[in-house]
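Observations on chain architecture
Chain by chain, the residues:
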Amino acid sequence: MARAVLHGFPVSAGIAIGKAFFLNRRHKGLRHDLVPLDQVEAEAARLEAAVEAVAAEFEQARAAMPAELRGQLDILDSHLLMCRDPKLKNETLRRIREGRMNAEWALEESLEQIARAFARLNVPYIRDRIEDVRVVAGRIGRHLAGTVEKQRLENGRGILLAYDLSPADALSLSLERISAFATEVGGKTTHTGILARNLQIPAVVGVGGLEDEAKDGDLLVVDGLEGKILLEPSEAELEEYILRQHRFDDYERDTRKNAALPAETEDGRRVSVLANVEGPEEVESLRALGGEGVGLVRTEFFYIARADMPREDELYEEYSRMVRAAAPHRVTFRTLDVGADKIFSERARLDEPNPALGLRAIRYSLRHQNVFRRQLRAILRAAAHGKAALMFPMISGVSELRQAKSVLNEARQELEASGLPFDPDIPVGIMIELPAAVLIADSLAKESDFFSIGTNDLIQYSLGVDRGNRHVSYLHQPLHPAVVRAVKYVVDMAHKVGIKVGVCGEMAADPYCLPILLGMPVDELSVAPQAIPGIKHLVRHSNAEECRELLQQALAAPTVQSINKAVRHAVYSRFPDETAFYSSQLGADF
Ligand code: PEP
Ligand code: MG
């Protein structure tokens, strides 16, 4: 028997077997270790190297700053100054040498000490400087994490364990060397899971007891189908999981063979299957997976894990690469969705008691219109290279949509004046993620070219369930009657005025939710690239009329349990051999 079997939420399918290494443990995600005496100087050198590397990065960014963005220079300069300031470094070195703290821990303590000293001064200018110190320390911390990771991964691919893994942490890792993730915190639709799906590696999040039970170097099985972690499995368990891994890999290979076929039900209903991506590499892999374009670019990922704001030209290069790679299909750029669990820099982090209800997504863009216009100009310019659309996240009302469109108009005018080529007629849609947007979907539909339903947030805000909180994840139920009715209403309101409606939340990739969405019927499903062949396969073996009847049953059902039971029955009877491979977001009572 394994030393322990831990349970969590399967957020990315597949099975991985390998050695564990911890990226971070609790408390702000940093490791707290006492360094053996004979390694103290090596630890000090690790800190010095990280500080040097970060200073060099700031200097590089400074040198590359174009003339028109000179206003940003002061931010970089103050970061550089903090980085070169001996106080942070010397305090940290002292803690390493005198307290034998590992570099991350020592850095964290020094940062807190400096922040406290600044705060005591109670001068607004100085208080702002705390943010600079945090940015710099965060950056050094990420470098340190990277060096630890490199040391531990020297001998091949490993399974990354963490208390939590923010998008910024994840982007600072050499991801190609990681064969699976598991985190102690996190719910069914956290961004850690989304990242793992996009990387096509298994992941389990919200694993209670992970930190206490797992050690660096343990042999692990990560079962991303059932949401299990086996620590030090027995020979028999290993054999069984190797077999399951082969069966899953064979199934994946089989569905990929037919990935190019259209997603059309056996009775002739066609749905487009597109990809959710974060960067051009994923778009370039889409052809082999049968993706019919990109339904969602999470553009914030390009901003995360860097100290400076990207320049318009950098964004334009990145976006045009995606548009060209997707041709002849469309790329749908969602404008920045930062805030809440997607923080791109400490400088942007606000002291908000309730960030999920705070200055996130379109609210952030409307507050920071320079950042917003720069992104819009880059999207409009990239659209000239092929087919593109743009959409605004977290729209809560018609006037907010109008405001966003008026900034878009300004961006168009600026481009016209500059003479740069761009597509003035790019379709402009919105994400439906708030209950308010559902209730006024008829009004919003009249002013939108398309809708994309972000069920991750729609479920979070409709059911009042934090999407990243494992303690309430059992309530994050995509087939809750309220969610089913909300999605159906949005689909009807869109179709009434003849615009298309897609689903780009994780619900679109859930095999058990698929018949309900096909019954609506939604026009598009946008899923992690890796999920495309499987979803197309399921659509081809579905029957639209049966799905419509199942939906009618769901719309009349009073409880999530009765809907789950009905879909489970429907999916089991159509796909008896395949259900073993599906991981689902449906609740514990499923
Ligand atoms: C969603 O909310 O469903 C969505 C697709 O957006 P994100 O997961 O990036 O918040
Ligand atoms: Mg969302």
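Residues numbered from 1 in each chain as written. Chains lettered and ligands numbered in written order. Predicted model: local features only at pLDDT ≥ 70, side-chain atom pairs only at ≥ 80, totals over all residues. Heavy atoms only, no water.

1. Structural notes on the overall build of the protein
A tally of regular secondary structure across the protein gives 23 helices and 16 strands. Relative to its full complement of 590 residues, the protein shows a buried share of 58%. Within the protein, counting contacts between residues at least 6 apart in sequence, those at least 24 apart form 72% of the total. Surface exposure of the protein reaches about 23,800 Å², of which carbon and sulfur atoms provide 51%. (Helix = DSSP H or I, 4+ residues; strand = E, 2+ residues; numbered from the N terminus. Buried < 20%, exposed > 50% of the residue type's maximum accessible area, 1.4 Å probe, protein only. Contact = heavy atoms within 4.5 Å. Areas by Shrake-Rupley, 256 points an atom, 1.4 Å probe, with all protein chains shown as cover.)

2. Some remarks on helix α4 (residues 103-121)
The end-to-end C-alpha distance of α4 is 27 Å, a good match for the 27 Å that 19 residues give at a rise of 1.5 Å each. Those residues of α4 lying buried are A103, E104, W105, A106, L107, E108, S110, L111, I114 and A115. (Expected span 1.5 Å × (residues − 1).)

3. Focus: the site of ligand 1
In the neighbourhood of ligand 1, 17 residues make up the surrounding shell, with R298, R334, G454, N456 and R467 lying closest. R298 is positioned with one of its side-chain polar atoms (N or O) 2.7 Å from an oxygen atom of ligand 1. In this structure, N456 approaches ligand 1 through a main-chain N or O atom, which is 2.8 Å from an oxygen atom. For ligand 1, the accessible surface in isolation is 290 Å², of which the surrounding protein chains cover 100%. For the shell around ligand 1, the secondary-structure elements that each account for two or more residues are α7 (191-199), β10 (294-298) and α18 (455-463). It is α18 that provides the largest number of residues to the shell around ligand 1, a total of three residues. Among the residues making up the shell around ligand 1, the classes are represented as four nonpolar, five polar and eight charged. (Near = heavy atom within 4 Å. Polar contact = N/O pair within 3.5 Å; in protein donor to acceptor, adjacent residues only side chain to side chain. Nonpolar A, V, L, I, M, F, W, Y, C, P; charged D, E, K, R; others polar.)

4. Examining the pattern of salt bridges
If you walk through the whole model with that rule in mind, you get 38 salt bridges. Note that R270 is salt-bridged to E292, the shortest N-O span being 2.7 Å. Note that R270 is positioned in the loop between α9 (235-257) and β9 (272-277) and E292 in the loop between α11 (286-289) and β10, a separation of 22 residues in sequence. Residue R270 is classed as partly exposed on the basis of its relative accessible area, which comes to 45%. A relative accessible area of 15% means that E292 is categorised as buried. A salt bridge links E312 to R381; the nearest nitrogen and oxygen atoms lie 2.9 Å apart. With E312 in helix α12 (residues 312-326) and R381 in helix α14 (residues 369-383), this pair connects stretches of sequence that are 69 residues apart. When sorted by exposure, E312 lands in the same class as R381, which is buried. (Salt bridge = Lys/Arg side-chain N within 4 Å of Asp/Glu carboxyl O.)

5. Describing the coordination of the magnesium ion (ligand 2)
E433 (OE) and D457 (OD) make up the full set of protein donors to the magnesium ion (ligand 2), lying at 2.0 Å. Highlighted residues: E433 in the loop between β13 (428-432) and α16 (435-439) and D457 in helix α18, separated in sequence by 24 residues. With respect to burial, E433 and D457 carry one shared label: buried. (Donors = N, O, S within 2.8 Å, 3.2 Å for Na, K, Ca; no water.)

6. Some remarks on the side chain of D423
Positionally, D423 belongs in the loop between α15 (398-418) and β13. Buried and unpaired, D423 has R412 as its nearest opposite-charge partner, separated by 7.4 Å. Within polar-contact distance, the side chain of D423 engages the backbone nitrogen of D425 at 2.8 Å. Contact partners of D423, with chain neighbours within four places excluded, come to L380, A383 and A384. (Lys, Arg positive; Asp, Glu negative; His and termini not counted.)

7. Things to note about unusual backbone geometry
Most peptide bonds take the trans form, and the phi angle of most residues other than glycine is negative. A cis geometry characterises the amide bond from A327 onward to P328, with omega recorded as 5 degrees. Positionally, P328 belongs in the loop between α12 and β11 (330-334). With an omega of 0 degrees, the peptide bond between M520 and P521 qualifies as cis. Here P521 lies in the loop between α20 (514-519) and β16 (524-527).

8. Side note on the sheet that holds strand β15 (residues 500-503)
Strands sit in the order β9-β10-β11-β12-β13-β14-β15-β16 around a closed barrel of eight strands; the barrel is parallel. On average, each strand axis in the sheet is tilted by 30 degrees relative to the strand beside it, whichever way the strands run. Judged from the four bridges that link them, strand β14 (residues 450-453) and β15 form a sheet pairing that is parallel. Bridge pairing links I453 to V503 in β15. Where α12 meets the sheet, its contacts fall on β9, β10, β11 and β12 (387-392), and the angle it forms with β11 comes to roughly 150 degrees. (Pairing = 2+ DSSP bridges. Axes fitted to C-alpha atoms, helices over the stretch in contact; angles between N-to-C directions.)

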